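Take a look at the letters that make up each chain.
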Amino acid sequence: MADYPNMKAHKDKGDWNPLWDTFAELDPEFLEAYLAFRTVPQQGPLEQKTKELILIAINAATTHLYGPGVRRHIQNALTAGATQAEILEAIQLTTVMGIHSCNLAIPILLEEVENAKS
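Notes on the structure in this doc start here.

Definitions and limits used
Residues numbered from 1 in each chain as written. Predicted model: local features only at pLDDT ≥ 70, side-chain atom pairs only at ≥ 80, totals over all residues. Heavy atoms only, no water. Helix = DSSP H or I, 4+ residues; strand = E, 2+ residues; numbered from the N terminus. Axes fitted to C-alpha atoms, helices over the stretch in contact; angles between N-to-C directions. Parallel < 35°, antiparallel > 145°, perpendicular 65-115°, else oblique. Left-handed = near helix turned anticlockwise from the far one by under 90°. Contact = heavy atoms within 4.5 Å. Nonpolar A, V, L, I, M, F, W, Y, C, P; charged D, E, K, R; others polar.

A few words on unusual backbone geometry. One non-glycine residue, leucine 65, lies in the positive phi region at around 45 degrees. Structurally, the position occupied by leucine 65 is in the loop between helix H4 (48-60) and helix H5 (67-79).

Structural data, given as structure tokens:
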């Protein structure tokens, strides 16, 4: 992992998708390049909370519907200070693309808010 700083950084900060393990075995150079590319827009001036709200919307969007990503970014958003209402609005805005976004993301939001309280 030392030869792949982006892989190490994503694992260290808890932003690792378990599906990437297979990529890391099959083509670590490709995965390293992808992670470097993926990191660039996350280094800008937006507050982390805003970035997490956008990432929730992307992962919940009807074109993506990636539950583990929704969960991870809801957790990150809560950690960054987002409220349940802010997260709910991000999910609601996503529903313009399809009501299925709510079906995926709302139960995850309720679970993660409960987990954050305990």
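Before going further, it helps to spend a moment on the packing of H5 against helix H7 (residues 100-117). Axis separation between H5 and H7 bottoms out at 9 Å; the angle between their running directions is 40 degrees. Put simply, H5 runs oblique to H7. Note that H5 runs across H7; the crossing there is right-handed. Contacts between H5 and H7 involve Gly67, Val70, Arg71, Ile74, Gln75 and Leu78 from the first element and Leu104, Ala105, Ile108, Leu109, Glu111, Glu112, Val113 and Ala116 from the second. Of the residues that constitute the contact of H5 with H7, the class distribution is 9 nonpolar, 2 polar and 3 charged.

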